[in-house]
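Coordinate inspection notes
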Amino acid sequence: MTALPSDAAGPRTRGLLHRVRDLEEALDRGGDRLPDDAVLDARRSLSAVRERLALGVDHTVVALVGGTGSGKSSLFNALSGLKFADVGARRPTTSTVTACTWGGADALLDWLGVAPDRRIERESALDGDTQVGLRGLVLLDLPDHDSVAQEHRAVVDRLLPMVDLLVWVVDPQKYADDALHTGYLRHLVGHEGSMLVVLNQVDTVPVGAQGSLLRDIARLLREDGLADVPVHAASATTGDGVPVLRAAIARAVAGRGQAERRAEAELG
Ligand SMILES: Nc1nc2c(ncn2[C@@H]2O[C@H](COP(=O)(O)OP(=O)(O)OP(=O)(O)O)[C@@H](O)[C@H]2O)c(=O)[nH]1
Ligand SMILES: [Mg+2]
């Protein structure tokens with residue numbers, strides 16, 4: 001059996017690995033009664049599942065994604081309670097993916113292509129209640145998808161399919177941007193369960209105007225074909241809405257991730 005990186009083999013991974021081993025043993029015992037092609041196919045799928053399981057499925061990868069200056073890095077810091085991501089006035093600020101993990105996930109971060117010096121681990125033991133429910137979370141701060149820097153978009157496009165939950169961070173000025181709706185959101189119809197939208201910088205909007213702004217975002221999402229995507233309001237600066245966002249992320253962590261669902265489907 002392939003040795004697992006020690007941080008990858010949590011209970012979910014181990015359970016799936018047991019099933020892989022059972023199926024491999026069944027093929028060893030009874031494979032000669034099946035057509036060669038079928039056995040080869042089955043062995044190939046099992047080996048692909050094993051490869052993904054080597055990274056572990058006990059983590060949930062959540063990415064903050066959105067246009068430049070919407071506040072992805074600021075929200076990353078607010079959610080993690082750390083000041084690890086660079087927040088700047090210069091646009092764009094973030095050019096490489098930054099990760100915070102609640103529990104180690106080095107093999108997974110290697111796979112995601114996060115540079116070692118852009119990783120930080122949350123010391124959850126020190127945090128009391130605020131971090132409960134986030135164990136297993138890998139939070140990513142991505143570069144801007146609408147960047148003047150071409151390579152930023154390439155980083156975003158490479159990572160999107162690897163993420164379990166996409167948190168689209170929009171701001172009151174640019175939420176209707178075509179690069180977001182036509183370039184990305186409309187291509188994600190069918191993935192409503194794996195995404196949410198956050199209107200950040202809500203502190204800059206008069207209280208009386210916030211409701212209509214949120215309704216306008218919901219309207220645009222309906223036009224994109226994404227009627228069921230939840231929309232949250234938050235301010236990374238004041239902290240408003242951050243606990244609710246953290247709770248939504250905790251629910252995703254408690255649910256099964258994309259890699260786990262895929263492995264299960266394959267084994268089924
Ligand atoms: N008023 C207010 N300002 C915010 C908020 N969130 C972020 N900012 C400011 O907006 C600017 C951009 O924030 P960043 O967190 O760097 O934004 P980003 O989305 O990571 O930007 P890129 O890395 O360039 O894509 C900074 O000056 C922040 O201080 C917020 O909730 N309210
Ligand atoms: Mg940033």
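Below you will find a few notes about this structure.

Rules behind the numbers
Residues numbered from 1 in each chain as written. Chains lettered and ligands numbered in written order. Predicted model: local features only at pLDDT ≥ 70, side-chain atom pairs only at ≥ 80, totals over all residues. Heavy atoms only, no water. Core = buried A, V, L, I, M, F, W, Y, C linked by side-chain atoms within 4.5 Å. Buried < 20%, exposed > 50% of the residue type's maximum accessible area, 1.4 Å probe, protein only. Helix = DSSP H or I, 4+ residues; strand = E, 2+ residues; numbered from the N terminus. Contact = heavy atoms within 4.5 Å. Near = heavy atom within 4 Å. Polar contact = N/O pair within 3.5 Å; in protein donor to acceptor, adjacent residues only side chain to side chain. Areas by Shrake-Rupley, 256 points an atom, 1.4 Å probe, with all protein chains shown as cover. Nonpolar A, V, L, I, M, F, W, Y, C, P; charged D, E, K, R; others polar. Pairing = 2+ DSSP bridges. Right-handed = clockwise from strand over helix to strand, strands pointing away.

Let's shift gears to the nonpolar core. Judged by nonpolar contacts, the single largest core of 40 residues is most densely connected at Leu112, Leu140, Leu166 and Trp168. Sorting the residues of this core by element identifies strand S1 (60–66), helix H4 (106–112), strand S4 (137–141), helix H5 (150–159), strand S5 (165–170), strand S6 (195–199) and helix H7 (207–224) as the ones contributing at least two each. Ignoring any residue separated from it by four or fewer positions in sequence, one finds leucine 166 in contact with Ala63, Val65, Leu160, Leu188, Ser194, Met195 and Leu196. Counting 25 residues, the second largest nonpolar core, distinct from the first, contains Leu79, Phe84, Leu139 and Leu245.

In the region of ligand 1, 22 residues are neighbours, and Lys72, Ser74, Thr93, Thr94 and Asp203 sit closest. Between arginine 91 and ligand 1, the recorded distance is 2.9 Å, taken from a side-chain N or O atom to an oxygen atom. Threonine 93 places a main-chain nitrogen or oxygen 2.8 Å from an oxygen atom of ligand 1. Considered on its own, ligand 1 offers 650 Å² of accessible surface; in the complex 84% of this is hidden by protein. Taken together, the residues of the shell around ligand 1 break down into three nonpolar, 15 polar and four charged.

Attention now moves to the pairing of strand S2 (residues 98–101). Burial of the side chains of S2 extends over both faces: Thr98 and Cys100 are buried on one face and Ala99 and Thr101 on the other. Of the pairings in the sheet, the one linking S2 to S4 comprises four bridges and is antiparallel in character. Residue pairing for S4: threonine 98 is matched across the bridge by aspartate 141. Where S2 meets strand S3 (residues 119–121), three bridges bridge the pair, whose relative direction is parallel. Paired with threonine 101 across the two strands is glutamate 121, which belongs to S3. For the handedness criterion, the β-α-β arrangement of S2, H4 and S3 is classed as right-handed.

Function cannot be inferred from these measures alone, as they are strictly geometric.
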